[in-house]
Amino acid sequence: LHNQRLYSIVKKLFKKYISHKKMAACIATWIFGLHAVKSAKKHLLEGNSALDSVEKGLSDAEEDISIGGYLVGRGGLPNSEGIMECDAAIMDGETSRFGAVIALEGVSSSIRVARKVMFESNHNILVGSGAQAFAKRHGFAIENNDALMGEESSQKYLQFKNKQEKPSGHDT
């Protein structure tokens, strides 16, 4: 009975206040994703589209070296060979179009390249050197590996290599 009453209230509120507007929501599955969600929310409230807001929110997180140790982006942890390889995917819920990059080297904001793939490529997914060549052709700066890693992730990688143990944090 409680669930039926709650459903009825939500349904009435939706019809009265929301049904004539589009709605967007942002959800993160990891605590460090909260940064991206808060940024995306800010962009949504400024009137940006959901797609623009998601891209901007994720890009803000990818560029923030202080949370890089928890994700792959600026300041993130490299692969076992010491190379920063970034992955990202984005989808437009209205059109079902999507774009993705995998193992992209030299670009800290892989979500921006993934979005460009969605609109500027005949493919949906680009990988490795193909993803990097696409990024370069579309004006993205290609940075050296050390510039992307930062001091903290470089130290963690050296500890990993010296101990031959997996570094703490998230490694892809």
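Residues numbered from 1 in each chain as written. Predicted model: local features only at pLDDT ≥ 70, side-chain atom pairs only at ≥ 80, totals over all residues. Heavy atoms only, no water.

*Asks:* Is there a simple way to explain the pattern of salt bridges in this structure?
*Replies:* Pairs can form between side chains of opposite charge whenever their charged atoms are close. Across all of its chains, the model carries seven salt bridges by this definition. Among the ionic pairs, Asp52 bridges to Arg115, the shortest N-O distance being 2.6 Å. With Asp52 in helix 3 (residues 50–63) and Arg115 in helix 4 (residues 110–120), the pair connects residues that are 63 residues apart, well separated along the chain. A relative accessible area of 23% means that Asp52 is categorised as partly exposed. Arg74 is paired through a salt bridge with Glu63; the nearest N and O atoms lie 3.0 Å apart. Of the two residues, Arg74 is situated in the loop between helix 3 and strand 1 (86–91) and Glu63 in helix 3; the sequence distance between them amounts to 11 residues. Shared partners join several salt bridges into a network, and the residues in it are Asp52, Glu55, Arg112 and Arg115. (Salt bridge = Lys/Arg side-chain N within 4 Å of Asp/Glu carboxyl O. Helix = DSSP H or I, 4+ residues; strand = E, 2+ residues; numbered from the N terminus. Buried < 20%, exposed > 50% of the residue type's maximum accessible area, 1.4 Å probe, protein only.)

*Asks:* Got a minute to help me understand the side chain of Ser59 in this structure?
*Replies:* Tracing the sequence through the fold places Ser59 in helix 3. Within the local environment of Ser59, its side chain forms a polar contact with the side chain of Ser109, the two groups lying 2.8 Å apart. For Ser59, the residues in contact, after removing those within four places along its chain, are Ser109, Ile111 and Arg112. (Polar contact = N/O pair within 3.5 Å; in protein donor to acceptor, adjacent residues only side chain to side chain. Contact = heavy atoms within 4.5 Å.)

*Asks:* Can you walk me through the environment of Trp30 in this structure?
*Replies:* Looking at the element boundaries, Trp30 is found in the loop between helix 1 (2–18) and helix 2 (34–45). Separated by 40 residues in the primary sequence, Trp30 and Tyr70 place their C-alpha atoms 9.2 Å from one another.

*Asks:* I would appreciate a short explanation of the packing of helix 4 against helix 5 (residues 128–137) in the present structure.
*Replies:* Two quantities define a packed helix pair, namely the angle between the axes and the distance from one axis to the other. The N-to-C vectors of helix 4 and helix 5 enclose an angle of 80°; their axes lie 10 Å apart at closest approach. Considering the angle they form, helix 4 stands roughly perpendicular to helix 5. Counted together, Val113, Lys116, Val117 and Glu120 of helix 4 and Ala131, Phe134 and Ala135 of helix 5 form the full contact between these two elements. A breakdown of the residues in the contact of helix 4 with helix 5 according to their chemical character gives five nonpolar, no polar and two charged. (Axes fitted to C-alpha atoms, helices over the stretch in contact; angles between N-to-C directions. Parallel < 35°, antiparallel > 145°, perpendicular 65-115°, else oblique. Nonpolar A, V, L, I, M, F, W, Y, C, P; charged D, E, K, R; others polar.)

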